[in-house]
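# Chains, contacts and geometry: an overview
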Amino acid sequence: MNMNSAWVRTAIEYVQTALALTAVLVVWELACDFWNVPSWLLPAPSRIVAETWEIRSILPLHFAVTFSEVVGGFLIAIVTGVPIAILVVYSNLLRRIIYPVLLMLQSVPKVALAPLLLLWVGYGLLPNMAVAALVAFFPIVINTATGLESIDRELLDLTNSLESGKLKVFWKVRLPWSLPYLFSSLKVAITLSVIGAIVAEFIGADRGLGYLMLTSSGAMKTSVMFGILVLLSALGIACFYVVCAAERLFCPWYMAPVDTQAQG
Amino acid sequence: MLAIAEKSLRVNANQPLLRIEQVSKHFGKRAGGEVVALKSVTLDVERDQFVSLVGPSGCGKTTLMKLIGGLIPASDGKVWLDGQHVSRSSRTIGMVFQRAILLPWRSVLDNVLFPIEMLGWSTRDYRDEAMRLIELVGLRGFENARPNELSGGMQQRVSICRALVYDPQILLMDEPFGALDAMTREDLSMELLRIWTEKKKTIIFVTHSIPEAVLLSDRVVVMTARPGRVVEDVKIDLPRPRTMDTESLPQFSAYVSAIRKMISQKPKAAS
């Protein structure tokens, strides 16, 4: 009974949200119609759908390009960011060398580096991935390093008293301990990766949703721009939820607060 | 105790299991100079004894524990364990802290087996022992539960199993019940006595609670702060086995108030 009513309440909440959104769309549609708003300024929802549908044959390619830039950049950021975080945590020398550079780079608006990168690496998939990776990289390094260092002092005492090798402590204790930190940074990173990929495509690309957006803007196809925006949001949200699902898969214990141990 | 005599005949007949000789520990220089955590501490612990360390915070109890565990080196003096000079950590020591610090991603059983893995031993060989320990602390049926499904008291029981699984000679317990509520604390104290009798371990137990120390121990070592020193070593001559009823004995209260006086009367070292 109780569970049932909770379920019903959730369902009602979803319906309310859906109704509200529908209402907004209807008002939008009617307003455009009523005041005769020119479609290059603000197209009606129906028109957005129709005109986006018209270019459906080219959309998959551009979507796939942007998607691979986002995912590629994200993966590059992980495979470079995590090892650097580990180096920074384990080596005092590297920490002294890398950390100041990281902090300096951190203060540079990364998307502003996109033109430079394009200059060096040229047009194409790879440089755009690089921009996405660059933007996604910093939260991963910093959070992972924090996570690796957040390990309980007494837990370290315990592993030391067992004369455990550093590598073993890393694999069996530190790394799993830092996973919740890593995943919270990945959720930020995937969102940033989408931004990075789009900005890179704005600056130099001949395909991708960002490129399509730019050309549609040039052609005053405002409704197509709106359609692409919707697609981009869907892309971002989908990626975000994939990361959330991975988090649940890899650190299921994190769902409940980790520090329950501290309570009496 | 007879058991003590027997066992010590076997190894190093005339030596206590743990000997701490004139041990001092200073910590890094700050503006004002060094912080002296321990000053010339001398202490012997016989095999299978239950010894408590009590004293105000900052008296170096935890530092002493770490020295015994070989986690930090002494600045001066020597620590001998079973006739051997303790220079670094050794697996003859099991540790229990105030917080259980279990690994949240591991089941109870895997948490208990954690030290075996870290020592590079075969967990299969120790599975049965781990299960016996889990049963001994009354957690049978919970071996596959995750730490966050357990109460604080249950978590601390798991951490006691974890400290015992590789059969260390000495159990170092640093305020193990400090984070628990009074009821759980009493339960666990009684359980610890039961484990101690069953497993024949030497236990060094740090606590803030004088009644707890008196109730559990063969000896209560009283320390003072700044610098950390041992000021008194009280032999507790109460009958065993002890139960919560032991607390109602007149000698019990006599011990408690005597020790309380020792702690409060000592002047704060010349400062």
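For clarity, every value in this text was computed on a predicted model and none was experimentally measured.

So, about the overall build of chain A. In terms of regular secondary structure, chain A is built from 10 helices and 0 strands. Ordered by position from N to C terminus, the α and β elements of chain A give α-α-α-α-α-α-α-α-α-α. Relative to the compact-globule value of 18 Å for 264 residues, chain A shows a C-alpha radius of gyration of 23 Å, a clear excess of over 25%. Overall, chain A is about 75 × 65 × 30 Å in size when its C-alpha atoms are taken along their principal axes. Counting the 264 residues in chain A, one finds 38% classified as buried. Of the contacts made within chain A by residues no fewer than 6 positions apart, 75% connect residues no fewer than 24 positions apart. A total of about 14600 Å² of accessible surface is found on chain A, and carbon and sulfur atoms cover 72% of it. Where the 15 positive side-chain charges of chain A centre and where its 15 negative ones centre are 7 Å apart.

For the rest of this paragraph, the subject is helix α9 (residues 209–218) of chain A. All names here are of chain A. Listed in full, the buried residues belonging to α9 are Leu209, Gly210, Leu212, Met213 and Ser216. Taken end-on, α9 shows its buried residues confined to a sector of 160°, consistent with a single buried face. Close packing links the buried residues of α9 with α3 (59–90), α8 (166–203) and α10 (222–250).

A full pass over the atoms with the stated rule returns 21 salt bridges over all chains. Across the pair B:Asp82 and B:Arg47 runs a salt bridge, and its minimum N-O distance is 3.0 Å. Note that B:Asp82 is positioned in the loop between β4 (76–81) and β5 (84–85) and B:Arg47 in the loop between β2 (33–45) and β3 (50–54), a separation of 35 residues in sequence. Take B:Arg47: its relative accessible area is 10%, and that puts it in the buried class. A single network of salt bridges, built from pairs that share partners, joins A:Asp152, A:Glu154 and B:Arg99.

The next thing to look at is the interface of chain B and chain A. Each partner contributes to the interface: chain B provides 28 residues, whereas chain A provides 25 residues. Carbon and sulfur atoms supply 61% of the area buried between chain B and chain A, which totals about 2700 Å² over both sides. For B:Arg99, the salt bridge identified is with A:Glu154, shortest N-O distance 3.6 Å. Taken together, chain B and chain A are joined by 6 residue pairs in polar contact (both at pLDDT 80 or more). Among the elements that take part in the side of chain B that touches chain A, helix α3 (residues 108–119) of chain B stands out by supplying 5 residues, more than any other. Of the residues assigned to the side of chain B that touches chain A, the class counts are 15 nonpolar, 6 polar and 7 charged.

Here we take up unusual backbone geometry. Looking along the chain, the bond that leaves B:Arg240 and enters B:Pro241 is cis, with omega of 0°. Relative to the elements of secondary structure, B:Pro241 occurs in the loop between β10 (229–235) and α8 (250–265). A positive phi angle is found at A:Glu163, which is not glycine, with a value near 55°. Its location among the elements puts A:Glu163 in the loop between α7 (153–161) and α8. Classification of A:Glu163 as partly exposed rests on a relative accessible area of 32%.

Moving on, we get to the sheet that holds β3(B). Residue and element names in this part refer to chain B. Strand order across the open sheet formed by 6 strands is β6-β7-β8-β3-β9-β10, with mixed pairing between neighbours. The outermost strands of the open sheet, each flanked by one partner alone, are β6 (93–96) and β10. Strand-to-strand twist across the sheet, computed as the mean angle between neighbouring axes with direction ignored, equals 20°. Sheet contacts for helix α5 (residues 152–164): β6 and β7 (170–174); angle to β6, the most-contacted strand, approximately 170°.

Let's shift gears to the pairing of β6(B). Residue and element names in this part refer to chain B. The alternating pattern of β6 places Ile93 and Met95 and Gly94 and Val96 on opposite faces, both of which are buried. With 4 bridges connecting them, β6 and β7 associate as parallel partners. When the sheet's bridge partners are listed, Gly94 is paired in β7 with Leu171.

All told, the structure shown has 14 aromatic pairs over all chains when counted by the stated rule. Residues A:Phe63 and A:Phe67 carry aromatic rings whose centres are separated by 6.5 Å and whose planes lie at 10° to one another, so their mutual orientation is stacked. With a gap of 4 residues between them, A:Phe63 and A:Phe67 both fall in helix α3, about one helical turn apart. Consider the rings of B:Phe50 and B:Trp196, whose centres lie 5.6 Å apart with planes at 80°: the pair is edge-to-face. A residue pair is termed long-range when its members are at least 10 positions apart, and B:Phe50 in strand β3 and B:Trp196 in helix α6 (residues 182–199) qualify at 146 residues. Across the pair, exposure class does not vary: B:Phe50 and B:Trp196 are buried alike. Members of the aromatic cluster, joined through ring pairs, are B:Phe50, B:Phe177, B:Trp196 and B:Phe205. One cation-aromatic arrangement involves A:Lys110 over A:Phe138; the distance from NZ or CZ to the ring centre is 4.5 Å.

Here we take up the confidence of the model for chain B. Residues and elements named next belong to chain B. Model confidence for chain B is summarised by a mean pLDDT of 86, while 89% of its residues fall at 70 or above. Note on residues 1–11: pLDDT under 50 across the span, and 13 contacts to partners over four residues away in sequence or across chains. Reported for the predicted complex are a pTM of 0.81 and an ipTM of 0.79.

This paragraph deals with the side chain of A:Thr144. The topology assignment puts A:Thr144 in helix α6 (residues 125–149). Beyond its immediate stretch of four places on either side in the chain, A:Thr144 contacts A:Val82, A:Ala85, A:Pro139, A:Ser178, A:Leu182 and A:Ser185.

This paragraph deals with the pairing of β3(B). Residue and element names in this part refer to chain B. Burial within β3 is extensive, with 5 of its 5 residues counted as buried. Burial of the side chains of β3 extends over both faces: Phe50, Ser52 and Val54 are buried on one face and Val51 and Leu53 on the other. Looking at chain direction, β3 and strand β8 (residues 202–206) are connected through 4 bridges and run parallel. Bridging from a neighbouring strand, Phe50 pairs with Ile203 of β8.

Another aspect to go through is the environment of B:Thr123. Residue and element names in this part refer to chain B. Tracing the backbone through its elements, the reader meets Thr123 in helix α4 (residues 123–136). Judged by relative accessible area, which is 29%, Thr123 ranks as partly exposed. Counting along the chain gives 97 residues from Thr123 to His26, while the straight-line C-alpha distance between them is 39 Å.

The rules behind each value
- Residues numbered from 1 in each chain as written.
- Chains lettered and ligands numbered in written order.
- Predicted model: local features only at pLDDT ≥ 70, side-chain atom pairs only at ≥ 80, totals over all residues.
- Heavy atoms only, no water.
- Helix = DSSP H or I, 4+ residues; strand = E, 2+ residues; numbered from the N terminus.
- Rg over C-alpha atoms; globule rule 2.2 N^0.38 Å.
- Buried < 20%, exposed > 50% of the residue type's maximum accessible area, 1.4 Å probe, protein only.
- Contact = heavy atoms within 4.5 Å.
- Areas by Shrake-Rupley, 256 points an atom, 1.4 Å probe, with all protein chains shown as cover.
- Lys, Arg positive; Asp, Glu negative; His and termini not counted.
- Charge placed at Lys NZ, Arg CZ, Asp CG, Glu CD.
- Arc of directions from axis to C-beta.
- Salt bridge = Lys/Arg side-chain N within 4 Å of Asp/Glu carboxyl O.
- Buried area = accessible area lost by both parts, 1.4 Å probe.
- Polar contact = N/O pair within 3.5 Å; in protein donor to acceptor, adjacent residues only side chain to side chain.
- Nonpolar A, V, L, I, M, F, W, Y, C, P; charged D, E, K, R; others polar.
- Pairing = 2+ DSSP bridges.
- Axes fitted to C-alpha atoms, helices over the stretch in contact; angles between N-to-C directions.
- Phe/Tyr/Trp six-rings, centres within 6.5 Å; stacked < 30°, edge-to-face > 60°.
- Lys NZ or Arg CZ within 6 Å of the ring centre and 35° of its normal.
- pLDDT = per-residue confidence, 0-100.

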